[in-house]
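Chain residues, written in single-letter form:
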Amino acid sequence: MTTEPRDWQSEADRLAAATDDPTAWFETLYAAGVAGEVSMPWDRDQPHWALQEWSHGRAAAEGARGLVVGCGLGGDAEHLAALGFATTAFDISETAVATARARHPESSVDYHVADLFALPPEWRQRFDLVVEIFTAQALPRDLRSRATAAIRDLVAPRGQLLAIEAILPADDDGSGPPWPFTRSDIDAFAGDGLSLVSVDELAQPDSFPLWRAELRRT
Ligand SMILES: C[S@@+](CC[C@H](N)C(=O)[O-])C[C@H]1O[C@@H](n2cnc3c(N)ncnc32)[C@H](O)[C@@H]1O
């Protein structure tokens, strides 16, 4: 008799509550997913629909570099590579990165295990398009300004940042994960030469509404 893996979301809540280290539980969770103990977390091979919609009809300029923050299993990074970006992607979870590589054996994406808070200095202002989907909201609020500053710092001169996060619901009790964004949280991606181009509020039929912010470095 086979048993169904447990739901990854309740395991994420349990692991996050059981540690004082706000980033350690991601690896434990992905490893449990690979071991079949829980369903695979954030399991999608396709690009997020809000990235796909935004990028429709856009192609990378010759030699343009793309970066995906907290890339998970690689669906968004593969999309950037398909658009023509020389794509780098990183995640703090070794298991997530190994799974992304294994799922995309022919990939041109340069996958790395890396911590948003300790990135290689040569990545500063290096990337023409930085895509951030749900990583900053997976970190507690007291890390938010450090997280947004670290993401912002990756955008090259005249480069773009696309950030997609959940909108904070009125009844959120703040216990997380995740820790969704207010409008002022989203606006705070701007600064240090990065300006807001647009902020969309996106409804999802069967899920929570999203912010989609586009920023550009002048
Ligand atoms: C909510 S998941 C989203 C994954 C993916 N972006 C997606 O949309 O499916 C957050 C991701 O950020 C990664 N992560 C969390 N903290 C990180 C950090 N400090 N540095 C790099 N990656 C991190 C996690 O391992 C996880 O893959």
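Residues numbered from 1 in each chain as written. Predicted model: local features only at pLDDT ≥ 70, side-chain atom pairs only at ≥ 80, totals over all residues. Heavy atoms only, no water.

### Quick word on unusual backbone geometry
Stage number 1. Along the chain, Gly176 connects to Pro177 via a cis peptide bond; the corresponding omega equals -15°.
Stage number 2. The residue Pro177 is located in the loop between strand S5 (155-166) and helix H7 (183-187) in this model.
Stage number 3. In this structure, Pro178 follows Pro177 across a cis peptide bond, with omega equal to -5°.
Stage number 4. Looking at the secondary structure, you find Pro178 in the loop between S5 and H7.
Stage number 5. A positive phi angle, near 45°, is found at Trp42, a position not held by glycine.
Stage number 6. The topology assignment puts Trp42 in the loop between helix H2 (24-34) and helix H3 (49-55).
Stage number 7. Using a relative accessible area of 34% as the deciding quantity, one classes Trp42 as partly exposed.
Stage number 8. Positive phi, close to 50°, is recorded for Asp192, a residue that is not glycine. (Helix = DSSP H or I, 4+ residues; strand = E, 2+ residues; numbered from the N terminus. Buried < 20%, exposed > 50% of the residue type's maximum accessible area, 1.4 Å probe, protein only.)

### Thoughts on the domain arrangement of the chain
Stage number 1. Per the domain assignment, the segments of the chain are domain 1 (1-41) and domain 2 (49-217).
Stage number 2. When each unit is reduced to the centre of its C-alpha atoms, the spacing between domain 1 and domain 2 is 22 Å.
Stage number 3. Both sides together, the interface formed by domain 1 and domain 2 hides about 1,000 Å², and carbon and sulfur atoms give 73% of it.
Stage number 4. Contact with domain 2 buries surface across domain 1, with Thr23, Glu27 and Tyr30 losing the most and accounting together for 42% of the total.
Stage number 5. At the boundary of domain 1 with domain 2, the tally comes to 0 salt bridges.
Stage number 6. Joining domain 1 to domain 2, the criterion identifies 3 residue pairs in polar contact (both at pLDDT 80 or more).
Stage number 7. Going through the elements one at a time, helix H1 (8-17) and H2 are the ones with two or more residues in the side of domain 1 that touches domain 2. (Domains from an automatic or database assignment. Buried area = accessible area lost by both parts, 1.4 Å probe. Salt bridge = Lys/Arg side-chain N within 4 Å of Asp/Glu carboxyl O. Polar contact = N/O pair within 3.5 Å; in protein donor to acceptor, adjacent residues only side chain to side chain.)

### Examining the site of the ligand
Stage number 1. Around the ligand, the surrounding shell holds 18 residues, and the nearest of these are Tyr30, Gly70, Asp91, Leu116 and Ile133.
Stage number 2. For the ligand, a nitrogen atom lies 2.8 Å from a polar atom in the backbone of Leu116.
Stage number 3. Contact distances for the ligand include 2.8 Å between a nitrogen atom and a backbone N or O atom of Ile133.
Stage number 4. Contact with the protein chains covers 97% of the free accessible surface of the ligand, which is 590 Å².
Stage number 5. Here the ligand is seated within the largest pocket. (Near = heavy atom within 4 Å. Areas by Shrake-Rupley, 256 points an atom, 1.4 Å probe, with all protein chains shown as cover. 1 Å grid on protein atoms, 1.4 Å probe; cavity = no way out; pocket = protein on both sides within 12 Å on 5 of 7 lines; lining within 4 Å. Sits in = over half its atoms within 2 Å of the grid points.)

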